[in-house]
Amino acid sequence: MPEVVAVLGTYQSQFKLRHPELTFVEQAQHAAFGALQAAGMTPDDIDAIVFSLAPTAFMGVADADRWSIDHIFGAGKPMMRVHTGGATGGSVVHAAHALVRSGMFRTVMIVGAERISETPDAQKVLNQIFDPFYEKEMPLQTITTVALMANAYMQRHAITQEHLAHLVVRQRRSAMNNPHAHLKGNITIADVMASPMISYPFKRFDCCPRSSGSAAMIVGNLDSVREHQSKPAFINGVGSVSDSNWIGDRIVPTAHADFIDWKLMALAGRECFRRAGITDPINQIQVAEVYDAFSIQGLIQLEQLGFCSSGTAFRLECDDAWDIDGMVAVCPSGGTLCSNPIAVSGLVRAIEAANQVMGTAGGHQIPNVRNAVATAVGGIAQFLSCTVFGADIMKEH
Amino acid sequence: MNVYVLGLAIHEPSSRLDALRLEELVYRTARAALDDAGVTRGQLDSVTLGSCDELDGRSISSMLMAMPAGAYLTDEIKVTDSGASALCLATARLKSEDFDLGMVASWCKSSKTDVESVMRLRGEPFFTRPFGLNMLLSDALFAQAVELAFGIGEEEVVGRVRASYERAARNPRGMGFEVPSAADLRASVREAMPLRKGYRAPLTDGAVCMVLASERWLDRNPGHTPMAQVTGVGWATDSYRLGEQRLRSMNSARVAWRNALRQAGLDGAGGIDVIEIESQTGYHEAAYVRAFGLPEHVAVSPSGGPFAQNPLFCTGLVGAAEAVLQVAGRAGAVQVPRVRRAAAHSCHGYAQQGNVVMVFEAAGAGIA
Amino acid sequence: MSGNTAEPARGYLTEQVTLRYDYAFGEVVGTFMDGLKNRKILATRCSKSAMVYLPPRAFCERSFEKCDSWVEAGHEGVIEASTIVVRGFEGSRPPPIAVAYVRLDGVDSAIVNYVEGLDLSDVEAAMRRICPGTRVSVEFIDEPQGSITDFHYRLLTDDGSAARAGGR
């Protein structure tokens, strides 16, 4: 039988534009130390490490994970770095889950850091992800490609920029209860609408900030739970799917997983929910920490995960269905929209979901959370991952 | 859950592969591995990639490379340590029982960029990068440390390099480099003390893919014969600080070796018939055979190792594929007779900061 | 160093990093680029999946077979997705710029390029003229060089709404 896998402890730093008082490795160390402290563990209790690090060009040191080895108590230990772009933080949880579930290790520490503002050329780096012959010449990067998709989605479902703005207002407000969040505050729909247009339909307030910060999560098997954590969050389901890099293949009638409606998330969710025994998400899941670097992204995922039908999530948004006291609390942390330290953003979603289950979310804790889902999005929404954290052990079937 | 190698492919190596773009190189290799395994892309339920953005020249290389490796609408993940690290994670994924049929893919066009520039970029910017630490310098520091630690003489290094080239010359999957004479090697330029140019394995372009299957999958799909069982995978990392103790102790190599053997149920090197070692220089082989305590009977790198081909990032996974071929009796002209167990070693990072050891066993041999 | 200061020294080390990469054309890029020089947009076709691809590629990600023939794409097509980049992108052309993924006639996938000849002074109005479903034509530059910017898209008529396709 595979091992049960649970979260033993988590840590996230405050997220802000820069941390000039720390080096990258010191940020990683804060996270490792913080997670150990949260779990009541020492470095000797950690059997292996998975490092969460997306493109290194943002901070200018290839293999910054190795620079961190000594700082995160990694010398002599098995360590590997996972990198799936923006989905990295979801993929590291899946990798650590596999390492424990396989029986190879008793405990695994996931740790990572990001300082995207170390370069003024982040969007140039993000243009570098495209095909060198056909696409790099075009003004393609994360904002413009998601904008392309958003226009088509909004036309298809008659969604307006005001619908998107409603979500931005809610999440900035939620983030006021989250001491880690980068952007937060009471803003109005008019404020969002008045923010400068970047790539239609996205205005500045529809887009995430560039955040610096670090995060860590320690996972372990049932033995380690007994030793270290009286109220763990069990990783009951994982699902991850990759699609073509060719956006032009994914927005046409022949697409298998239509990108306009993010059908790919339905595939990732189906696998994840099957493993986690989730058959009725809206009633079984209380918190959804969906990865939303842009205002359009999070709710589309809810639709594909079966929380509501396709095209309806933004209308429900305007009925406050996704607020902290709504049907499902969506990104009570403020989400990626309020803090985006790319290398660990997906990990922060997982940490937030796990914390909600463990009852350690602090000011934005939602009462009585039995299950929480976290997602991560990488490439041009080409890599999607989905993870379910539960208060109870999923019975194997 | 036992894990098996169902099929594999090693792309024909080249000093500079201009005819194919990276995607095409990997597609061809992945497709050949699927054909070798007798399965189709649609049957895969997981893909594990090992690649390096900085060598591939892309910020998120898997965006363009996941599909050629067979990941269309499939669960795919990427590690950036080495190709061999991808095999380790893929093995864990199958052992977790969440997956049953996995592709492992890794590649490297060493010719695409100046590798040493990438290596310098690996150095942290405050203390390491200013003095230009790169692969040559860190390998030289390692060579010096193990020379002193083990008393490795230049005579032995020359002998090992020559022998590697001789074995490599017989390897149908190798570059077929001319075997240099001992005098040639000794006369080659000193690049960084104590390394001479001739002691270092030349970089090449290449790719390697492996299809892994769980025992459950094999039970459900009778008629497929696995090439080998993956009985042990171990890996570890060393301190970033290249002090003398760090260099000479080869600690992560020993930990990886110990863990892989323990997982394979072995209490020493005695049960191993063949080992493929990632010897980036002649000093590496000399050091690793000592660190691993390999007895005389173990055949070391019958493929010629990196001297046969050296697509840097995936050289260790090529070695793993060679070890699997040995166990399956398919190694051709470099086949060692009666191989029951073969190990493969890979190292990555500055002065072998990370080490990986994999153990393969003849399929069925471990089943009582 | 003299005296005891409570504040640590703060600062940055600034470094410009340059790496050179040679991206091989491989099996199909060269043919495509040569086609452009002759004002042809060449797509590859996989007979197993019956998919016709732009940008062209050597193999089909779905069937996992090699693409086995070349097909010339039509010089008209339908916009599948579009945006206008207003600010914040330091590319080869200064914003505002309109880009669209267009599925050219006879091709299954869409290929991105600039949309030229649009009045971008009113972004909202311009977006309505290039919304998904709009038909466009391909226009080549006077002297094609064998580069993706040899062509771009143009609205079929002055009144974009009159040229709307059936959509899906």
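Quick caveat, the model's predicted, so the values are computed rather than measured. (Residues numbered from 1 in each chain as written. Chains lettered and ligands numbered in written order. Predicted model: local features only at pLDDT ≥ 70, side-chain atom pairs only at ≥ 80, totals over all residues. Heavy atoms only, no water.)

Caption draft 1: Seen up close, the overall build of chain B. When helices and strands are tallied, chain B shows 13 helices and 12 strands. The C-alpha radius of gyration of chain B comes to 19 Å, within 12% of the 21 Å expected for a compact globule of 368 residues. Across the 368 residues in chain B, those meeting the buried criterion constitute 70%. Taking as baseline every contact in chain B between residues at least 6 positions apart, the subset at least 24 positions apart corresponds to 79%. Accessible surface computed for chain B: about 10,900 Å², of which carbon and sulfur atoms make up 50%. The distance from the centre of the 37 positive side-chain charges to the centre of the 41 negative ones in chain B is 1 Å. (Helix = DSSP H or I, 4+ residues; strand = E, 2+ residues; numbered from the N terminus. Rg over C-alpha atoms; globule rule 2.2 N^0.38 Å. Buried < 20%, exposed > 50% of the residue type's maximum accessible area, 1.4 Å probe, protein only. Contact = heavy atoms within 4.5 Å. Areas by Shrake-Rupley, 256 points an atom, 1.4 Å probe, with all protein chains shown as cover. Lys, Arg positive; Asp, Glu negative; His and termini not counted. Charge placed at Lys NZ, Arg CZ, Asp CG, Glu CD.)

Caption draft 2: Main features of the interface of chain A and chain B. With 61 residues of chain A at the contact, the number on the chain B side is 56 residues. Both sides together, the interface formed by chain A and chain B hides about 4,800 Å², and carbon and sulfur atoms give 58% of it. On the surface where chain A and chain B come into contact, there are five salt bridges. If you look at where chain A meets chain B, you find 25 residue pairs in polar contact (both at pLDDT 80 or more). Of all the secondary structure elements, the ones that give two or more residues to the side of chain A that touches chain B are α2 (64-67), β3 (79-82), α3 (88-101), β8 (233-242) and α10 (263-276) of chain A. The biggest single contributor to the side of chain A that touches chain B is α3 of chain A, with six residues. Looking at the side of chain A that touches chain B residue by residue, the classes come out as 30 nonpolar, 21 polar and 10 charged. (Buried area = accessible area lost by both parts, 1.4 Å probe. Salt bridge = Lys/Arg side-chain N within 4 Å of Asp/Glu carboxyl O. Polar contact = N/O pair within 3.5 Å; in protein donor to acceptor, adjacent residues only side chain to side chain. Nonpolar A, V, L, I, M, F, W, Y, C, P; charged D, E, K, R; others polar.)

Caption draft 3: How the structure looks around a negative patch on the surface. Together, Glu 162 of chain A together with Asp 119, Asp 122 and Glu 124 of chain C make up a region of like negative charge exposed at the surface. Tracing the sequence through the fold places Glu 162 of chain A in helix α6 (residues 161-175). Residue classification places Glu 162 of chain A among the partly exposed positions, given a relative accessible area of 39%. (Patch = residues over 30% accessible without salt bridge, like charges linked within 9 Å, V, L, I, M, F, W, Y side chains within 5 Å.)

Caption draft 4: Expanded view of the pattern of salt bridges. Inspection of every chain in the model, using the stated rule, returns 57 salt bridges over all chains. With its nearest N and O atoms 3.4 Å apart, the salt bridge here joins Glu 271 of chain A to Arg 275 of chain A. Taken together, the positions of Glu 271 of chain A and Arg 275 of chain A, both in helix α10 and four residues apart, correspond to about one turn of that helix. Judged by relative accessible area, which is 9%, Arg 275 of chain A ranks as buried. Put simply, Asp 35 of chain B and Arg 31 of chain B hold a salt bridge, and the shortest N to O gap is 3.0 Å. With Asp 35 of chain B and Arg 31 of chain B both in helix α1 (residues 22-37) and four residues apart, this pair spans about one turn of that helix. In this structure Asp 35 of chain B comes out as partly exposed when scored by relative accessible area, which is 48%.

Caption draft 5: The arrangement of the packing of aromatic side chains in detail. The final tally for this structure, using the stated rule, is 23 aromatic pairs over all chains. Their ring planes at 65° and their centres at 6.4 Å tell us that Phe 133 of chain A and Tyr 134 of chain A sit as a pair that is edge-to-face. You can call Phe 133 of chain A buried: its relative accessible area is 12%. Taking 6.3 Å as the distance between ring centres and 65° as the angle between the ring planes, the aromatic pair formed by Tyr 199 of chain B and Tyr 283 of chain B counts as edge-to-face. Taken together, the residues span a long stretch of sequence, with Tyr 199 of chain B in the loop between β6 (195-196) and β7 (205-214) and Tyr 283 of chain B in helix α12 (residues 282-291) at a distance of 84 residues. Each member of the pair Tyr 199 of chain B and Tyr 283 of chain B is classed as buried. (Phe/Tyr/Trp six-rings, centres within 6.5 Å; stacked < 30°, edge-to-face > 60°.)

Caption draft 6: Representation of the interface of chain A and chain C in the model. Each side of the interface is counted separately: chain A has 41 residues, and chain C has 48 residues. On the chain A side of the contact with chain C, Phe 133, Tyr 134 and Tyr 200 of chain A bury the most area, a combined 19% of that side's loss. Run the count over chain A and chain C and you get one salt bridge. Between chain A and chain C we count 18 residue pairs in polar contact (both at pLDDT 80 or more) in total. Among the elements of the structure, α4 (122-127), α5 (142-157), β5 (197-199) and α9 (247-250) of chain A are those that each provide at least two residues to the side of chain A that touches chain C. The dominant element in the side of chain A that touches chain C, judged by the number of residues it contributes, is α5 of chain A, at seven residues. Grouping the amino acids of the side of chain A that touches chain C by side-chain chemistry returns 20 nonpolar, 12 polar and nine charged.

Caption draft 7: Spatial organisation of unusual backbone geometry. Here the amide bond leading from Met 193 of chain B into Pro 194 of chain B is cis, since omega sits at 0°, within 30 degrees of zero. By the element assignment, Pro 194 of chain B lies in the loop between β5 (190-192) and β6. Along the chain, Pro 95 of chain C connects to Pro 96 of chain C via a cis peptide bond; the corresponding omega equals 5°. Structurally, the position occupied by Pro 96 of chain C is in the loop between β4 (76-85) and β5 (97-104). One non-glycine residue, Ala 351 of chain B, adopts positive backbone phi at about 45°. Mapped onto the elements of the fold, Ala 351 of chain B is located in the loop between β11 (341-348) and β12 (354-362). Relative accessible area serves as the criterion here: at 1%, Ala 351 of chain B is assigned to the buried category.

Caption draft 8: A look at the sheet that holds strand β3 (residues 69-72) of chain C. Residues and elements named next belong to chain C. What the three strands build is an open sheet, ordered β2-β1-β3; its pairing is antiparallel. The sheet is open, and its two edges are formed by β2 (51-53) and β3, each paired on a single side. Neighbour-to-neighbour, the strand axes of the sheet open up by a mean angle of 35°, direction not taken into account. Pairing geometry for strand β1 (residues 42-46) and β3, over four bridges, is antiparallel. Bridge pairing in β3 links Ala 43 to Val 71. (Pairing = 2+ DSSP bridges. Axes fitted to C-alpha atoms, helices over the stretch in contact; angles between N-to-C directions.)

Caption draft 9: Up close: the pairing of strand β8 (residues 228-237) of chain B. Residue and element names in this part refer to chain B. Summarising burial for β8: 10 of the 10 residues are buried, a large majority. Examined bridge by bridge, strand β1 (residues 3-10) and β8 share three bridges and lie antiparallel to one another. Bridge pairing in β8 links Tyr 4 to Gln 229.

Caption draft 10: Up close: a nonpolar patch on the surface. Among the surface-exposed residues, Phe 126 and Phe 127 of chain B together with Leu 13 of chain C lie close enough to one another that they form a single nonpolar patch of about 340 Å² accessible area. With respect to the helices and strands, the residue Phe 126 of chain B is situated in the loop between α5 (115-122) and α6 (135-150). Under the relative-accessibility criterion, Phe 126 of chain B is labelled partly exposed at 37%.

Caption draft 11: Representation of the packing of α3 of chain A against helix α15 (residues 342-358) of chain A. All names here are of chain A. Interhelical geometry of α3 versus α15 gives an angle of 60° and a closest axis separation of 5 Å. One element, α3, and the other, α15, form an angle in the oblique class. The segment α3 lies against α15, with Thr 88, Gly 89, Gly 90, Val 92 and Val 93 engaging Ala 343, Gly 346, Leu 347 and Ala 350. Counted by class, the contact of α3 with α15 contains five nonpolar, four polar and no charged residues. (Parallel < 35°, antiparallel > 145°, perpendicular 65-115°, else oblique.)

As far as function goes, none of this settles anything; it's purely spatial.
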